[in-house]
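# Close look at the chain arrangement
Residues per chain are reported as follows:
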Amino acid sequence: MNITDFMTQNKKKISELKSRSTNEAQTKEWLIRPFFEMLHWDFSNPDEVVPEDDDSSGKKPDYGFYCHKKVKFFVEAKPINTNIADIKIITEKLNYCNNANVPFLIITNGVEYAIYYTGLKGSNKDKLLQSFSLMDEIIDDEIINKLYKEAFEQDILYTYAKNLSVFTNVKSVIENLFQQPTKKIIDLINEGIKTILGHKFGDDDIRNALKHFNLEISDEPYSHEP
């Protein structure tokens, strides 16, 4: 079953469950487990999915997901109507990952999924890598494709997240340089302009132009179809 078919079949179920007092155990069984099984994770295989997986401090994330006997990510499950953006939940569960040296945490209520990467700088909420809802009219298949078991066997999500972290920091440094460019940077740009146009611009013209630049990061080179 592909992602689109899965979402179509589950939207009615989700609406019904949200109107009931659906608890955490039911959310796991009826929504979360089927979602990851759709992504080829085998819940009957103790080498792939470990419920109540202990970290080094004795904490117990709801699931640990493994490839080649190495834990790739933890999943923290909540009842369907829980606000998964609660900072207390995020902080506590990211500590699971830090204690066990696990790079990724997924917090979900079976409808909304928030993927955190411990390698991102900033406070815990700043470590949000991607999020999506199964009730969205349009969903980015690329991020879900990175959650397939086969993708984790190739560390596709890790490569994407690591590159994004590097690119984000480089982008921040470059944009800061653009806001307050040194004379050396202005001269380098002007040399390039002279090569193209045959003349240079004034330093203030270059400086003002740089302030209007915005850099964008594309993840297209790191997209993957399992």
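Whatever comes next refers back to the structure up there.
Residues numbered from 1 in each chain as written. Predicted model: local features only at pLDDT ≥ 70, side-chain atom pairs only at ≥ 80, totals over all residues. Heavy atoms only, no water.

### A look at the overall build of the protein
Each helix and strand counted, the protein has eight helices and six strands in total. Across the protein, helices and strands are ordered from the amino to the carboxyl terminus as α-α-β-β-β-α-β-β-β-α-α-α-α-α. For the protein, whose C-alpha radius of gyration is 22 Å, the value lies well above the compact-globule estimate of 17 Å for 226 residues. Taking all 226 residues of the protein together, the buried fraction comes to 40%. For the protein, contacts bridging at least 24 residues in sequence account for 55% of all contacts bridging at least 6. Here the protein displays about 12,500 Å² of accessible surface, and carbon together with sulfur accounts for 49% of that area. Taking the average place of the 28 positive charges on the side chains of the protein and the average place of its 36 negative ones, the gap between the two points comes to 5 Å. (Helix = DSSP H or I, 4+ residues; strand = E, 2+ residues; numbered from the N terminus. Rg over C-alpha atoms; globule rule 2.2 N^0.38 Å. Buried < 20%, exposed > 50% of the residue type's maximum accessible area, 1.4 Å probe, protein only. Contact = heavy atoms within 4.5 Å. Areas by Shrake-Rupley, 256 points an atom, 1.4 Å probe, with all protein chains shown as cover. Lys, Arg positive; Asp, Glu negative; His and termini not counted. Charge placed at Lys NZ, Arg CZ, Asp CG, Glu CD.)

### Considerations on the pairing of strand 5 (residues 112-117)
Buried residues dominate strand 5, accounting for five of its six residues. One ladder, built from five bridges, connects strand 4 (residues 104-108) with strand 5; its direction is antiparallel. Residue pairing in the sheet places Thr108 in a bridge with Tyr113 of strand 5. The hairpin formed by strand 4 and strand 5 contains three residues between the paired strands, and Gly110 there has a positive phi angle of roughly 90 degrees. The sheet contact formed by strand 5 and strand 6 (residues 128-133) spans five bridges and is antiparallel. Of the residues in strand 6, the one forming a bridge with Tyr116 is Leu128. (Pairing = 2+ DSSP bridges.)

### Some words on the sheet that holds strand 4
What the six strands build is an open sheet, ordered 1-2-3-4-5-6; its pairing is mixed. Strands with a single pairing partner mark the edges of an open sheet, and in this sheet they are strand 1 (49-51) and strand 6. Neighbouring strand axes in the sheet, compared pairwise and without regard to direction, differ in orientation by 20 degrees on average. Summarising the sheet, strand 2 (residues 63-67) and strand 3 (residues 70-77) pair through five bridges and their orientation is antiparallel. Across the sheet, residue Gly64 finds its bridge partner in strand 3, namely Phe74. Here helix 2 (residues 24-38) sits on the sheet and contacts strand 2, strand 3, strand 4, strand 5 and strand 6; the angle it forms with strand 3, its principal contact strand, is near 135 degrees. Against the sheet, helix 3 (residues 87-100) makes contact with strand 3, strand 4 and strand 5, and its axis sits at roughly 150 degrees relative to strand 4, the strand it touches most. (Axes fitted to C-alpha atoms, helices over the stretch in contact; angles between N-to-C directions.)

### Digging into the packing of helix 1 (residues 3-18) against helix 2
Packing of helix 1 against helix 2 brings their axes to within 11 Å, and their N-to-C directions diverge by 175 degrees. By the criterion of interaxial angle, the relationship of helix 1 to helix 2 is roughly antiparallel. When helix 1 is examined against helix 2, the residues Ile3, Phe6, Asn10, Lys13, Ile14 and Leu17 are found in contact with a partner set consisting of Trp30, Leu31, Pro34, Phe35 and Met38. (Parallel < 35°, antiparallel > 145°, perpendicular 65-115°, else oblique.)

### Structural notes on the packing of aromatic side chains
All chains considered together, the criterion is met by 20 aromatic pairs. Measuring from ring centre to ring centre gives 4.4 Å for Phe35 and Tyr113, while their planes differ by 35 degrees; the resulting arrangement is tilted. Separated by 78 residues along the polypeptide, Phe35 in helix 2 and Tyr113 in strand 5 bring together distant segments of the chain. Accessibility expressed as a relative area gives 1% for Tyr113, which makes it buried. One residue, Lys28, lies across the ring of Tyr63, its end atom 5.6 Å from the ring centre. One Lys or Arg, Lys146, reaches over the ring of Tyr160 and ends 4.7 Å from the middle of that ring. (Phe/Tyr/Trp six-rings, centres within 6.5 Å; stacked < 30°, edge-to-face > 60°. Lys NZ or Arg CZ within 6 Å of the ring centre and 35° of its normal.)

### What about the packing of helix 7 (residues 183-197) against helix 8 (residues 203-210)?
Each pair of packed helices gets described by two things: the angle between the helix axes and the distance between those axes. Contact geometry of helix 7 with helix 8 gives a least axis separation of 10 Å together with a crossing angle of 100 degrees. What the angle tells us is that helix 7 and helix 8 run roughly perpendicular. Facing helix 7, whose interface residues are Lys183, Ile186, Ile189, Asn190 and Ile193, helix 8 presents Asp203, Ile206, Arg207 and Leu210. When its residues are assigned to classes, the contact of helix 7 with helix 8 shows five nonpolar, one polar and three charged. (Nonpolar A, V, L, I, M, F, W, Y, C, P; charged D, E, K, R; others polar.)

### Points about the nonpolar core
Phe35, Phe36, Trp41, Leu129 and Phe132 are the most contacted members of the largest nonpolar core, which totals 43 residues. With residues up to four places along the chain from it excluded, the contact list for Leu129 reads Phe104, Ile115, Tyr116, Tyr117, Leu120, Leu157, Tyr160, Ala161 and Leu164. (Core = buried A, V, L, I, M, F, W, Y, C linked by side-chain atoms within 4.5 Å.)

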